[in-house]
Amino acid sequence: MDPNAGKKGMINKYGREQLIKKLEAETFKRKTVSFYKYVILENPQDMRDTLYREWQELDCNGRIYVAREGINAQMNVPEHKWDAFVEKVYSHPEFKDVPFKIAVEDDGKSFLKLTVKVREKIVADGLDENDWDVTNVGRHLNAEEWNEALDNEETVVVDIRNHYESEIGHFENALLPEAETFRDELPEVLNLLKGKEDKKVLLYCTGGIRCEKTSAYLKHHGFQDVNQLHGGIIDYARQIKTKELPNRFRGKNFVFDDRLGEGISEEVVSHCHQCGAPCDKHVNCANKECNLLFIQCDECAEKHEGTCTPKCQEIIHLPEEEQKKLRQGKKQKKIFHSHKKVNLKGEE
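In this text the structure is predicted, and so the values were computed from the model without any measurement. All residue numbers refer to positions counted from 1 along the written sequence of the respective chain. Reporting in this predicted model follows two pLDDT cut-offs: at least 70 for local features of residues, and 80 or more for side-chain atom pairs to be given and counted; totals over whole chains, interfaces and linings ignore these cut-offs and use all residues. No hydrogens and no water enter the side-chain calculation; it runs on all heavy atoms of the structure.

## Some details on the overall build of the protein chain
Step number 1: Comment: elements are numbered from the N terminus, with helices defined as DSSP H or I runs of at least four residues and strands as E runs of at least two. A count of helices and strands for the protein chain gives eleven helices and 14 strands.
Step number 2: With 348 residues in all, the protein chain has 50% of them scored as buried.
Step number 3: Across the protein chain, every contact between residues at least 6 apart in sequence was considered, and the portion connecting residues at least 24 apart equals 69%.
Step number 4: Here the Shrake-Rupley method, with its probe set to 1.4 Å, supplies the accessible areas, and only the displayed protein chains count as covering residues. Total accessible area on the protein chain stands at roughly 17800 Å², and carbon and sulfur atoms take up 48% of it. Burial classes: relative accessible area under 20% of the type maximum marks a residue as buried, over 50% as exposed, and values in between as partly exposed (1.4 Å probe, protein chains only). Contacts were defined at the residue level, with two residues in contact if any of their heavy atoms lie within 4.5 Å.

## Quick notes on the sheet that holds strand E8 (residues 169-171)
Step number 1: The antiparallel open sheet is built from three strands, whose spatial order is E8-E11-E12. Both edges of this open sheet fall to E8 and strand E12 (262-263), since each of them pairs with a single strand only.
Step number 2: In this analysis, strands are considered paired if DSSP registers two or more bridges between them. Pairing of E8 with strand E11 (residues 249-253), which is carried by three bridges, proceeds in the antiparallel orientation. Note on E11: the bridge partner recorded for Phe171 is Phe249.
Step number 3: On the sheet, helix H8 (residues 232-242) packs against E8, E11 and E12 and is oriented at approximately 120° with respect to E11. Throughout, an axis means a line fitted to C-alpha atoms (over the contacting stretch in the case of helices), and angles, computed between N-to-C directions, take values from 0 to 180 degrees.

## Thoughts on the packing of aromatic side chains
Step number 1: Between the rings of Phe, Tyr and Trp (Trp by its six-membered ring), a pair exists once the centres lie within 6.5 Å; its type follows the angle of the planes, with under 30 degrees stacked, over 60 edge-to-face, and the other angles tilted. With the rule as written, the count across this model stands at 15 aromatic pairs.
Step number 2: Their ring planes at 85° and their centres at 6.4 Å tell us that Phe35 and Trp55 sit as a pair that is edge-to-face. In this pair, Phe35 sits in strand E1 (residues 30-38) while Trp55 sits in helix H2 (residues 44-57), placing the two residues 20 residues apart along the sequence. The pair formed by Phe35 and Trp55 is uniform in burial state, with each residue classed as buried.
Step number 3: Note on Phe85 and Phe100: the rings are 5.8 Å apart at their centroids and 45° apart in plane angle, and the pair reads as tilted. Pair noted here: Phe85 is in helix H3 (residues 82-90) and Phe100 is in the loop between H3 and strand E4 (101-102), with a separation of 15 residues, a long-range link. We note that Phe85, like Phe100, is buried.
Step number 4: Following the ring pairs from residue to residue traces out a cluster consisting of Phe35, Trp55, Trp82, Phe85, Tyr90 and Phe100.
Step number 5: Over the aromatic face of Trp82 sits the side chain of Lys31, whose NZ or CZ is 4.5 Å from the ring centroid.
Step number 6: The criterion is that NZ of a Lys, or CZ of an Arg, lies within 6 Å of the ring centre and within 35 degrees of the ring normal, and then a charge sits over that ring. Over the aromatic face of Tyr65 sits the side chain of Arg119, whose NZ or CZ is 4.1 Å from the ring centroid.

## Focus on the pattern of salt bridges
Step number 1: For this analysis, a salt bridge means a side-chain nitrogen from Lys or Arg found within 4 Å of a carboxyl oxygen belonging to Asp or Glu. Enumeration according to the criterion identifies 22 salt bridges in this entry.
Step number 2: The closest approach of N and O atoms between Arg248 and Glu172, which form a salt bridge, is 2.8 Å. Remark: Glu172 occurs in the loop between E8 and helix H6 (182-192) and Arg248 occurs in the loop between H8 and E11; sequence separation between them is 76 residues.
Step number 3: Residue classification places Arg248 among the buried positions, given a relative accessible area of 16%.
Step number 4: Classification of Glu172 by relative accessible area gives partly exposed; the value is 22%.
Step number 5: Measuring nitrogen to oxygen at the nearest pair gives 3.6 Å for the salt bridge that ties Asp298 to Lys281.

## So, the packing of helix H4 (residues 143-150) against H8
Step number 1: Their axes nearest at 9 Å, the elements H4 and H8 cross at an angle of 95°. In terms of orientation, H4 and H8 fall into the roughly perpendicular class. In this structure, H4 contributes Ala143, Trp146 and Asn147 to the contact, and H8 contributes Tyr236, Gln239 and Ile240.
Step number 2: A per-class count over the contact of H4 with H8 returns four nonpolar, two polar and no charged. Angle categories: roughly parallel below 35 degrees, roughly antiparallel above 145, roughly perpendicular from 65 to 115, and oblique for all the rest. All residues other than Ala, Val, Leu, Ile, Met, Phe, Trp, Tyr, Cys, Pro, Asp, Glu, Lys and Arg, Gly among them, are scored as polar; the first ten of these are nonpolar and the last four charged.

## A word on unusual backbone geometry
Step number 1: Non-glycine residue Asp59 carries a positive phi angle of around 65°.
Step number 2: What makes Asp59 partly exposed here is its relative accessible area of 22%.
Step number 3: For Asn291, which is not a glycine, the phi torsion comes out positive at approximately 60°.
Step number 4: Here Asn291 lies in the loop between strand E13 (282-284) and strand E14 (293-295).

## A short note on the sheet that holds strand E7 (residues 156-159)
Step number 1: With parallel pairing, four strands are arranged side by side in an open sheet as E6-E10-E9-E7. Each having just a single partner strand, strand E6 (139-141) and E7 make up the two edges of the open sheet. Neighbour to neighbour, the strand axes of the sheet diverge by 30° on average, direction disregarded.
Step number 2: Across four bridges, E7 lies against strand E9 (residues 200-204) in parallel orientation. Its bridge partner being in E9, Val158 is matched across the sheet by Leu203.

## Considering the nonpolar core
Step number 1: Throughout, nonpolar core names a set of buried Ala, Val, Leu, Ile, Met, Phe, Trp, Tyr and Cys residues whose side chains join them through atoms within 4.5 Å. If you look at the biggest cluster of nonpolar residues, it comprises 25 residues, and the most contacted ones within it are Phe35, Trp55, Ile64, Met75, Phe85, Phe95 and Phe100.
Step number 2: Counting 20 residues, the second largest nonpolar core, distinct from the first, contains Phe182, Val201, Leu203 and Leu218.

Listed below in C-alpha cells is the structure:
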C-alpha cells in the first residue's frame, strides 16, 4: 500500500518530464547527501509522515526508507536550506548527530521528487535476527586506518555490494561477490570467507549501512577481527581529498540515484557489455518493457539506439500503443530493479 495514500499534500502529483523541467528551472544549487541510523522507532508511520512534511517544506527530493529498526536516506537539499535541514533532522532525538555523507560529484539532479516509505527493514536482508545480536558490529575504520589495513598482506577485503555496483569500481584486491541482492550476498560472503575466521576482515559498501549488518553477521559466525569502512566509499572519497591521502579505490562508485555513479579515480575498470570497449557508464535499456540496467559505450548507444538487444531495438520503433500493449499486465521495472547478468555480446 502506498504510504501517501489518502494524505492530502503528501504525494507527488507531477510526472517525470514536469519534474525535470522544474529542476532545470531552479536558480539555486542542491547538495546530495545520504545517511542512515539503526535506532528503534516506536511508530515508523508517524515518523514517516513527520519527515515528509518537514522535508517537503524545505523543498527536498530523495528516496527514504523508514522502519522500526531505523532510517536509510538518500536525498538532495537546496544549499540555501542546508542549515535548516540539519537542524530539523537533529531535532528528532532518534537522529541526533547522525553523520551525513556528502556526494563528491554532484550536479544537483540526483533525485527528482521526494519519496518517504515505511518498510519492514531499511535494507532487505532476509535474515532472522532473533538469534543473534545485530548491534555487535565490527570496528569502524577511517580512511587512514583503512589504507594502513590494506597494506597488510594477510588482510581479506570484501565488497559488500551487488555485482553491478562493484563492476565499475572497487578497492584493490577485494573479493567481489556475484550477488544480485544483499539478501543473496550474505550467504555468498560467508562461503567466500570459509576457513578465514582468524584473518583480519575488511568490509566496505557505498555508505556503510550494509556493512553494519554484515559485520554483526560474520561475528555471529565466528569471525574474530571484523572491520568496516566508516561512512563507506562516499565518505572515504571525502576523507582522502580533505586529508590528501592515497586513493586505494579504483574506478567509479555506483550510486542509487539518477547519476548512477560518481568518479573516485580516473581509471575505467569495466567494459561495455556489448562491444567490450573500456566503459563505466550505466544505462537502462530504452525499451521500457525491458529496462535492463547495463554498461553501454557511446558508440554502442548510437548503434543500438540505447537498447540492449536487436529485439529491444525493434520494439522501440513500434507505435507507442503497441509498446503499451506489450507492457500491459507486467510489473513496472524501475531503474535499479532489472540488473540480471546477461550476455549482450554477439547478438546482432
